[in-house]
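Coordinate inspection notes
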Amino acid sequence: MNKPSQPVLYLDDVTVSFDGFKALNGLSFVVEPGELRTIIGPNGAGKTTMMDVITGKTRPDKGTAFFKGVHDLTKLDEETIANLGIGRKFQRPTVFDNHTVSENLELALKADRRAFRTLFARIGAAQNERIEAVMEQIGLAERARDLAGSLSHGQRQWLEIGMLLMQDPELLLVDEPVAGMTDHETEQTAALLKQIAGARSVVVVEHDMEFVRALATKVTVLHEGSVLSEGTVDHVQNDPKVIEVYLGR
Amino acid sequence: MSARLNQSLGRALVSGARPYILAVIVILALLPLLNLAVPPSSPFYLPDFAIKLIGKWLCFAILALAIDLVWGYVGILSLGHGAFFALGGYAMGMYLMRAIGDRGHYKNPLLPDFMVFLNWKELPWYWHGFDNFLFALLMVLLIPGLLAFVFGWLAFRSRITGVYLSIITQAMTFALMLAFFRNDMGFGGNNGLTDFKDILGFNLHTDGTRAGLYWASLAMLIATFLLCRWVVGSKLGRVLTAVRDAESRVRFLGYSVTNYKLFAFVLSAMIAGVAGALYVPQVGIINPSEFSPAASIEAVIWVAVGGRGSLVGAILGAFAVNGAKSWLTSYAPELWLFILGGIFVAVTLFLPRGIVGLFGQKSDGPRISKPSLANLSKMLGTVPPAPKEQRP
Ligand SMILES: Nc1ncnc2c1ncn2[C@@H]1O[C@H](COP(=O)(O)OP(=O)(O)OP(=O)(O)O)[C@@H](O)[C@H]1O
Ligand SMILES: [Mg+2]
């Protein structure tokens, strides 16, 4: 029912404090439908905290956060927000170590999440195909029956991205996806994220500037809990405020 | 390549051991014949007490399955499952009391002896209906289920986990014990319910009824095992183990962790209730000591010994520990608690996967490899799951 012009994500003046320390300080941030956005910023800038606010893990002290203009994210819990269509990949890859690769994807698969439905759930041919397609896409088809706990760090990153794809969310929040990946894997990840965006909105947090450059999108620089600069990669890299923050550390 | 998705380790474990399991079931099923059909003079004769004893263990094994379902597969360490067992037992005991009718000491057709003794004139409202066996069976499921639902809803919704949850389950069973000790509760106070005569018209003190209850317990153990295996092998089962391993991650996938935990906890409580209901007619008494916190802890130790996160392990553990208990208590009863504690510490240090780990079987449980003191806290679930994000 939302107008096409309605932003997917709208944060305004969001403040989060931990024992008086402001991890987010009047942060305002908008993501349009289909947009791919990159967020950079020094350690402790508040990037992960911002994702915590959007996914219901952390409640802001102040400010508004809306999904598609109608859902007030500051009032909803994690599972409701996930079911609205916001998926998240964590900074430290979190997959289910005691489940196989395909079971991890099965758990993420978009389906009725109610307990009794899940008890009687059968995986149909279409769903099986989807799982296999995603395993191909993330290069883990050979490892389908291996426990996720046996994967390398990079593979776990990919598996978690695969889980995001299975969820088929409208908004994907991807926290440092290429940490621990080889250059080749990093390139592939950039290509994959670009491919995903368009039909969905994607917000990527990353430190790796090569990767950010490869994504070639609008970049938002966070610093001390608020937006420092916004624009193309070249624009923010040449912004004196950004240079000062990065060099002044 | 076709991905077989509903492949679960639990199933693999069972299929490997299937011939042994079937053999054990057949032997267990035939045992009462050694009591019924063999003359007492024969060396193969099995005395009455042995049937009663093994019948009790079968009920304990059902209780162990109930505990393993929540602890081994969902990571909820309940130290109060004895309460659900006891409530199921009391529901059955109430039926057995009503079935005595006017054959009690005071010959009162309606009131059980202890109520006459307390000078009660009327049957309390909550004793009505228990003269009907089917009603009593319904209560065996409903009362533990309802308590688990209310308790679980409050606890899981507030996201109480780990040791805190274990402590309040202990508090729950302790509070119930104190309540059931009171005479004015109407459950026979500290003596509990006893002096039962018959069940469904069958005299409880005959060999035939004893064997019948034994077989009913064995059948229920098998049914419970199959039920649990089906649950943990379903997609819901995989969600449950995911909750055990990374609870908050499951939330971010859109599953209501509260509801899934509630499902497992209520189902588990009902299973424990059934175990208690089968136990009471075999031992002939139910009293508040079944609610004692120590009884619940002991039941958790059976599961730890057998192998947390393995259904076969839970059953094995119940038999092994209770077997050892029966054997040892005939020599040195005062030492049993020390030995039990010792077994628990030894298992956590050297056999973190329990007896099934010894056979090299895979368990669905958390994979704990190195023997170390950390195992103890891991098994107790006292270590909070690793933080989802690294904080500087
Ligand atoms: N739960 C918390 N309790 C206390 N302080 C916190 C908490 N979460 C975050 N912080 C603090 O808030 C600040 C912002 O943290 P955040 O994780 O959002 O940064 P980040 O931009 O993701 O950094 P990084 O690049 O290192 O991942 C940090 O100084 C962090 O120590
Ligand atoms: Mg971060």
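Residues numbered from 1 in each chain as written. Chains lettered and ligands numbered in written order. Predicted model: local features only at pLDDT ≥ 70, side-chain atom pairs only at ≥ 80, totals over all residues. Heavy atoms only, no water.

Before going further, it helps to examine the overall build of chain A. The helix and strand tally for chain A stands at ten helices and ten strands. Dimensions of chain A, computed from the C-alpha atoms along their principal axes, are close to 55 × 40 × 40 Å. Look at the contacts in chain A between residues 6 or more apart in sequence, and 66% of them connect residues 24 or more apart. By element, 51% of the accessible surface of chain A is carried by carbon and sulfur atoms, the whole surface being about 10600 Å². Mean positive and mean negative side-chain charge positions of chain A (27 and 36 charges, respectively) differ by 4 Å. (Helix = DSSP H or I, 4+ residues; strand = E, 2+ residues; numbered from the N terminus. Contact = heavy atoms within 4.5 Å. Areas by Shrake-Rupley, 256 points an atom, 1.4 Å probe, with all protein chains shown as cover. Lys, Arg positive; Asp, Glu negative; His and termini not counted. Charge placed at Lys NZ, Arg CZ, Asp CG, Glu CD.)

Residues and elements named next belong to chain A. Donor atoms from the polypeptide that coordinate the magnesium ion (ligand 2) comprise T48 (OG1) and Q91 (OE1), at 1.9 to 2.1 Å from the metal. Taken together, the positions of T48 in helix α1 (residues 47–54) and Q91 in the loop between β6 (86–89) and α3 (101–108) put the pair 43 residues apart, joining distant regions of the chain. For T48, a relative accessible area of 9% puts it in the buried group. (Donors = N, O, S within 2.8 Å, 3.2 Å for Na, K, Ca; no water. Buried < 20%, exposed > 50% of the residue type's maximum accessible area, 1.4 Å probe, protein only.)

With that settled, consider the nonpolar core. Residues L159 and V202 of chain A together with W127, L193 and F291 of chain B are the most contacted members of the largest nonpolar core, which totals 157 residues. Ranked by residues supplied to this core, first place goes to helix α2 (residues 48–74) of chain B with 19 residues. L159 of chain A has contacts with V95, V101, N104, L105, I138, L140, A148 and L151 of chain A, leaving out every residue within four places of it along the chain. Grouped together as the second largest cluster of nonpolar side chains are 25 residues, L11, F67, L171 and L222 of chain A included. (Core = buried A, V, L, I, M, F, W, Y, C linked by side-chain atoms within 4.5 Å.)

Turning our eyes to something else, we now look at the sheet that holds strand β1 (residues 9–18) of chain A. All names here are of chain A. The strand order across the open sheet formed by four strands is β2-β1-β4-β5, and the pairing between neighbours is antiparallel. Every interior strand has two partners, whereas the edge strands, β2 (21–31) and β5 (71–72), have only one. Relative to β5, strand β4 (residues 62–67) is paired through two bridges, and the arrangement is antiparallel. The residue bridging F67 from the neighbouring strand is H71, located in β5. Across the sheet, α1 lies against β1 and β2, angled at about 115 degrees from β1, the strand it touches most. (Pairing = 2+ DSSP bridges. Axes fitted to C-alpha atoms, helices over the stretch in contact; angles between N-to-C directions.)

You will see that D168 of chain A, though not glycine, has its phi angle at about 50 degrees, which is positive. Inspection of the secondary structure puts D168 of chain A in the loop between α6 (153–167) and β7 (171–175). Of note, the phi angle at R159 of chain B is positive, near 55 degrees, even though the residue is not glycine.

All names here are of chain B. Looking at the secondary structure, you find Q282 in helix α9 (residues 257–283). A polar side-chain atom of Q282 sits 2.8 Å from a polar atom in the side chain of S217. Residues in contact with Q282, not counting those within four places in the same chain, are K52, G55, K56, C59, L213, Y214 and S217. (Polar contact = N/O pair within 3.5 Å; in protein donor to acceptor, adjacent residues only side chain to side chain.)

Before going further, it helps to examine the sheet that holds strand β3 (residues 36–40) of chain A. All names here are of chain A. Here we have six strands laid out as an open sheet, ordered β6-β7-β8-β3-β9-β10, and mixed in their pairing. The outermost strands of the open sheet, each flanked by one partner alone, are β6 and β10 (226–231). Across the sheet, the mean angle separating the axes of adjacent strands is 20 degrees when strand polarity is ignored. Looking at chain direction, β3 and strand β9 (residues 218–223) are connected through four bridges and run parallel. Considered in β9, the bridge of I39 is made with T220.

Residues and elements named next belong to chain B. Together, V26, L30, L33, L36 and W215 make up an exposed nonpolar region whose accessible area comes to about 420 Å². Sorting elements by how many residues they give to the nonpolar patch places helix α1 (residues 9–36) first, with four residues. Its place among the elements puts L36 in helix α1. (Patch = residues over 30% accessible without salt bridge, like charges linked within 9 Å, V, L, I, M, F, W, Y side chains within 5 Å. Salt bridge = Lys/Arg side-chain N within 4 Å of Asp/Glu carboxyl O.)

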